[in-house]
Amino acid sequence: MFLVRYIFLLFVLIGFSSVSWGRVLLIQWTDAHSTLHTMSRQIYAIDQMAQEFKAQHPDGEVVVYIIGDFTSINAYVDDEGWLSIRAIKLLRKRGYTVLFTPGNHDAFDWVGKPGDIKLFIDQMQKIQKWGVKILAENLTGRSLLMDSFLSSSYPLETVKPVTHIVGLTLSRLINHSNLYEEEARILFNGVENYNQTLERVLPEMRRKGVERVILGVHDSHIKVSDIARDQDFLQIFGIEIPVMMAAHDHLVASYKVGETFILDAGSYGSFNVIDISENGEASNIQHISISSQVPRYVGGKDIFRHGTIRKNWVTESDVKNSWLKKYEKKIKRNSLSPEAQGIRTSIAQTIEGLITGKPNGSRVVVTLENDVEETKFSMQYGRSRLGEMMAETLARWVRSVFHGAEGRPVIAMFNSSAYRVEEPIPKGPVTEVALREMYPYKTEASFHQLKGKVIERLYFALRRDYILRSGNKNRYSPQINPEVREFQNRLQVRVGEHWTNINEDEVYPVAFGPWLSQHIFGQSYRIEEWLEVLEGKPSLVSKGFQEILVEFLPEILKANDQAMSQSKTFPLESDLCQSNLFKPGDQL
């Protein structure tokens with residue numbers, strides 16, 4: 001066993017130099033989300049891999065396929081546009097092929113008032129001008145403008161049989177982004193489901209001689225694998241699909257459905273590397289991660305070769321210098337655009353940290369003795385301690401602005417997918433920038449007073465909707481503060497030392513996290529029950545969730561840290577309301 005482990009470790013450390021690559025090096029890069037603290041390292045690592053491949057195969061092709069959510073609101077820095085897309089320009093300057101499928105976050109994070117759609121148009125036009133092929137074949141009723149920067153597919157010229165790459169954006173693009181339907185119609189009328197698009201596109205491709213398709217979809221590996229499982233549907237078109245690449249759910253997946261590889265590269269600095277041979281076969285699949293977090297493999301037998309980022313791939317580079325250095329003067333003289341000023345504290349300090357070599361160069365808001373071990377993913381599989389702390393920030397905010405909350409339960413809901421950090425919160429200093437990165441958008445939380453039966457209806461509608469969308473009844477979205485719980489299909493609140501069902505006719509103070517608050521405007525998930533209650537009805541009070549986190553989360557983190565130190569174990573949910581921190585009616 002020791003010998004086997006030694007040989008495997010040696011294989012990993014040797015890395016790419018041990019592989020005889022085929023004609024195409026395909027790099028699947030998903031959900032980067034403009035993470036400025038790792039973007040330069042990601043680009044440099046991809047560049048070094050590509051150069052090693054080209055050294056072996058001068059006539060080979062490097063294809064970097066960015067399958068959505070490459071950008072996010074936290075990278076919009078100045079009037080020139082999105083800082084992170086300069087990374088794409090650098091890859092193009094190296095001569096690599098870059099393919100791009102827009103996801104629900106790409107520029108749409110800014111949409112919310114007339115004219116915001118221009119940011120998306122500017123971004124697409126810019127990367128197309130650099131020679132990037134933009135793939136989103138399932139956008140229907142496209143405008144002439146949209147058609148002008150879209151490609152139907154990308155042919156791998158050095159591969160036989162004839163092989164094309166086809167890209168599909170998220171079928172739920174509109175209701176999973178901040179994009180209004182009215183804004184969307186400037187560009188397209190709708191988004192087809194995946195089978196409808198394939199049923200329309202594959203026969204035409206077959207008539208043109210295409211024999212194999214590599215499919216990229218900005219959706220979860222579960223949704224993508226459903227396509228592969230419908231073998232009868234695929235076989236009627238006479239086109240093989242050896243690889244289907246997923247995104248969107250931030251998970252790393254590696255398994256086969258029939259003869260089709262299902263691959264998801266994860267997020268925030270990880271990517272898959274796939275060798276496409278001359279005969280179109282996929283092999284030598286390797287997962288590379290910038291993150292120190294152990295990748296979460298999903299489903300079936302692990303088919304990856306485990307890659308590492310070698311030291312010479314992540315040292316100081318011309319990429320970092322040319323890409324970020326020129327922003328130093330602009331940041332220091334405070335000449336960012338009006339849009340960027342709203343989030344300047346987080347972004348400017350993050351970039352300045354990169355330039356000066358002092359990351360997270362902002363004030364320390366709390367120092368922890370213990371890790372907060374849970375992450376974004378812990379919230380997806382049920383109620384979590386981290387989710388409760390995020391919801392508790394909302395409840396604390398309500399108590400600070402609404403004096404009528406004294407002695408009464410406050411109900412707060414936080415959407416699990418709104419939390420953005422996938423690494424545990426480490427022990428040691430926690431900065432203001434770190435808190436703002438937990439939710440890097442400038443949207444607002446809202447406070448309302450609603451009857452108990454309305455609150456229950458909203459909660460269970462959200463829970464039901466998340467189950468339907470996730471395909472897994474163990475996953476659910478709403479996180480609630482510790483003085484609220486779900487019990488036998490009812491919501492209960494803690495009064496003193498006792499739990500009691502919500503009184504259907506009593507009015508309760510309630511706060512919703514930013515993504516949930518967007519139902520006021522008919523955005524986000526568009527759950528009918530939410531729209532009936534909230535659409536067009538302004539909240540009593542609203543506030544940017546970043547500011548709520550900065551103001552209230554440090555004290556909550558500190559109390560959690562003290563509880564962990566005293567018990568030496570992670571607190572159980574049943575303990576949460578028994579601490580001094582979470583007593584109902586507690587005032588700041």
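What you see is a predicted model; the values in this text were computed from it and never measured.

1. What to know about the overall build of the protein
Thought 1: Regarding its fold elements, the protein presents 19 helices and 28 strands.
Thought 2: Counting across all 588 residues of the protein, residues that qualify as buried make up 60%.
Thought 3: For the protein, long-range pairs separated by at least 24 residues make up 75% of all intrachain contacts whose partners lie at least 6 apart in sequence.
Thought 4: Surface accessibility of the protein: about 23600 Å² in total, with carbon and sulfur atoms responsible for 51%.

2. Describing unusual backbone geometry
Thought 1: Looking along the chain, the bond that leaves lysine 160 and enters proline 161 is cis, with omega of 5°.
Thought 2: Note on placement: proline 161 falls in the loop between strand S8 (154-156) and strand S9 (163-168).
Thought 3: With a phi close to 80°, histidine 248 is a non-glycine residue in the positive phi region.
Thought 4: Note on placement: histidine 248 falls in the loop between strand S12 (240-246) and strand S13 (252-257).

3. Concerning the sheet that holds strand S25 (residues 490-495)
Thought 1: In spatial order, the strands read S24-S25-S26; together these 3 strands make up an open sheet with antiparallel pairing. In the strand order of this sheet, the two ends are held by strand S24 (484-487) and strand S26 (498-501), each with one partner. On average, adjacent strands in this sheet sit at an angle of 40° to one another, irrespective of strand direction.

4. With respect to the packing of helix H14 (residues 385-401) against helix H19 (residues 545-567)
Thought 1: The geometry of H14 relative to H19 is characterised by a closest axis approach of 9 Å and an angle of 115° between their N-to-C directions. The way H14 lies across H19 gives a crossing that is right-handed. Within the contact between the two elements, H14 uses Arg385, Met389, Met390, Glu392, Thr393, Leu394, Arg396, Trp397 and Ser400 and H19 uses Phe545, Ile548, Leu549, Phe552, Leu553, Glu555, Ile556, Leu557 and Asn560.
Thought 2: Here the residues of the contact of H14 with H19 are counted per class, giving 11 nonpolar, 3 polar and 4 charged.

5. Some remarks on the side chain of glutamine 479
Thought 1: Within the secondary structure layout, glutamine 479 lies in strand S23 (residues 478-480).
Thought 2: Of the polar contacts made by the side chain of glutamine 479, one reaches the backbone nitrogen of serine 384; its length is 3.0 Å.
Thought 3: With residues up to four places along the chain from it excluded, the contact list for glutamine 479 reads Met379, Gly382, Arg383, Ser384, Gly387, Glu388, Ala391, Ala412, Met413, Phe414 and Ser416.

6. So, the packing of aromatic side chains
Thought 1: Inspection of every chain in the model, using the stated rule, returns 8 aromatic pairs.
Thought 2: Judged by centre distance (5.1 Å) and plane angle (80°), the ring pair of tryptophan 29 and phenylalanine 70 falls under edge-to-face. Of this pair, tryptophan 29 sits in strand S1 (residues 24-29) while phenylalanine 70 sits in the loop between strand S2 (61-66) and strand S3 (76-78), placing them 41 residues apart in sequence. Per residue, the accessibility class of tryptophan 29 equals that of phenylalanine 70, and both read buried.

7. Notes on the sheet that holds S23
Across a sheet, paired strands are connected by hydrogen bonds in the backbone, their directions being either parallel or antiparallel.
Thought 1: Strand order in the open sheet formed by 5 strands is S23-S20-S27-S22-S28, with mixed pairing between adjacent strands. In this open sheet, the two edge strands, each paired with only one partner strand, are S23 and strand S28 (541-544). Sheet twist, expressed as the average angle between the axes of neighbouring strands with direction ignored, equals 25°.
Thought 2: For strand S22 (residues 444-451) and S28, the ladder comprises 4 bridges, and the chain directions are antiparallel. Bridged to phenylalanine 447 within S28 is valine 541.
Thought 3: Strand contacts of H14: strand S20 (411-415), S22, S23, strand S27 (507-512) and S28, with the helix running at about 135° to S20, the strand carrying the most contacts.
Thought 4: Sheet strands touched by H19: S20, S22 and S28. Its angle to S28, the strand with the most contacts, is close to 80°.

8. Points about the pattern of salt bridges
Close approach of charged atoms allows side chains with opposite charge to pair.
Thought 1: Evaluation of the coordinates by the stated rule reveals 23 salt bridges.
Thought 2: Taking the shortest distance from any N to any O, the salt bridge between arginine 23 and aspartate 59 comes out at 3.1 Å. Placement of the pair is arginine 23 in the loop between helix H1 (2-14) and S1 and aspartate 59 in the loop between helix H2 (36-56) and S2, with a sequence separation of 36 residues.
Thought 3: A salt bridge links glutamate 456 to arginine 490; its shortest N-O distance comes to 2.7 Å. Of this pair, glutamate 456 sits in helix H16 (residues 452-470) while arginine 490 sits in strand S25, and the two are 34 residues apart along the sequence.
Thought 4: According to the relative accessible area criterion, arginine 490 is partly exposed, its value standing at 22%.
Thought 5: Through salt bridges with shared partners, a single ionic network connects Arg23, Asp59 and Glu278.

9. Notes on the side chain of glutamate 137
Thought 1: On the secondary structure map, glutamate 137 appears in the loop between strand S6 (133-134) and strand S7 (139-140).
Thought 2: Excluding anything up to four places from it in sequence, glutamate 137 contacts Arg142, Ser151, Ser152, Gly167, Leu168, Thr197, Arg200 and Val201.

10. Let's talk about H19
Thought 1: Between its terminal C-alpha atoms H19 stretches 31 Å, which fits the 33 Å expected from 23 residues at 1.5 Å a residue.
Thought 2: Where H19 bends most, at phenylalanine 552, the angle is about 45°, and the proline proline 554 comes one to four residues later.

11. Section: the nonpolar core
Thought 1: Membership of the largest hydrophobic core comes to 46 residues, with the highest contact counts inside it found for Trp29, Phe70, Ile88, Phe100, Ile127, Phe188 and Phe271.
Thought 2: Mapped onto this core, the elements with two or more residues apiece are S1, H2, S2, helix H3 (86-93), strand S5 (97-100), helix H4 (117-129) and strand S15 (270-276).
Thought 3: Per element, the largest residue contribution to this core is 7 residues, and it comes from H2.
Thought 4: Here tryptophan 29 is in contact with Met39, Gln42, Ile43, Ile46, Val64, Tyr65, Ile66, Ile67, Phe70, Leu91, Ser270 and Phe271, once residues within four sequence places are set aside.
Thought 5: Formed by 37 residues, the second largest nonpolar core is a distinct cluster that contains Met379, Leu394, Ala412 and Ala418.

12. Some points on the environment of lysine 208
Thought 1: Assignment of secondary structure puts lysine 208 in the loop between helix H7 (194-207) and strand S11 (212-217).
Thought 2: Along the backbone, lysine 208 and valine 162 are 46 residues apart, and their C-alpha atoms lie at a distance of 9.8 Å.

13. Here's the deal with the environment of isoleucine 186
Thought 1: Note on placement: isoleucine 186 falls in the loop between helix H6 (181-184) and strand S10 (190-191).
Thought 2: Isoleucine 186 sits 44 residues away from arginine 142 along the chain, and the two C-alpha atoms are 8.6 Å apart.
Thought 3: Ignoring sequence-local partners within four residues, the contact set of isoleucine 186 consists of Ile117 and Ser143.

14. Comments concerning H14
Thought 1: Across its 17 residues, H14 extends 25 Å between first and last C-alpha, which sits within 8% of the 24 Å expected from 1.5 Å per residue.
Thought 2: In terms of burial, H14 is a largely internal element, 15 of the 17 residues being buried.

15. A few points about the confidence of the model for the protein
Thought 1: On average, residues of the protein carry a pLDDT of 78, and 74% of them reach 70 or more.
Thought 2: Predicted confidence for residues 311-323 stays below pLDDT 50, and this span has 32 contacts to residues more than four positions away or in other chains.

Conventions and cut-offs
- Residues numbered from 1 in each chain as written.
- Predicted model: local features only at pLDDT ≥ 70, side-chain atom pairs only at ≥ 80, totals over all residues.
- Heavy atoms only, no water.
- Helix = DSSP H or I, 4+ residues; strand = E, 2+ residues; numbered from the N terminus.
- Buried < 20%, exposed > 50% of the residue type's maximum accessible area, 1.4 Å probe, protein only.
- Contact = heavy atoms within 4.5 Å.
- Areas by Shrake-Rupley, 256 points an atom, 1.4 Å probe, with all protein chains shown as cover.
- Pairing = 2+ DSSP bridges.
- Axes fitted to C-alpha atoms, helices over the stretch in contact; angles between N-to-C directions.
- Left-handed = near helix turned anticlockwise from the far one by under 90°.
- Nonpolar A, V, L, I, M, F, W, Y, C, P; charged D, E, K, R; others polar.
- Polar contact = N/O pair within 3.5 Å; in protein donor to acceptor, adjacent residues only side chain to side chain.
- Phe/Tyr/Trp six-rings, centres within 6.5 Å; stacked < 30°, edge-to-face > 60°.
- Salt bridge = Lys/Arg side-chain N within 4 Å of Asp/Glu carboxyl O.
- Expected span 1.5 Å × (residues − 1).
- Bend = angle between axes of the 7 residues up to and from the residue.
- Core = buried A, V, L, I, M, F, W, Y, C linked by side-chain atoms within 4.5 Å.
- pLDDT = per-residue confidence, 0-100.

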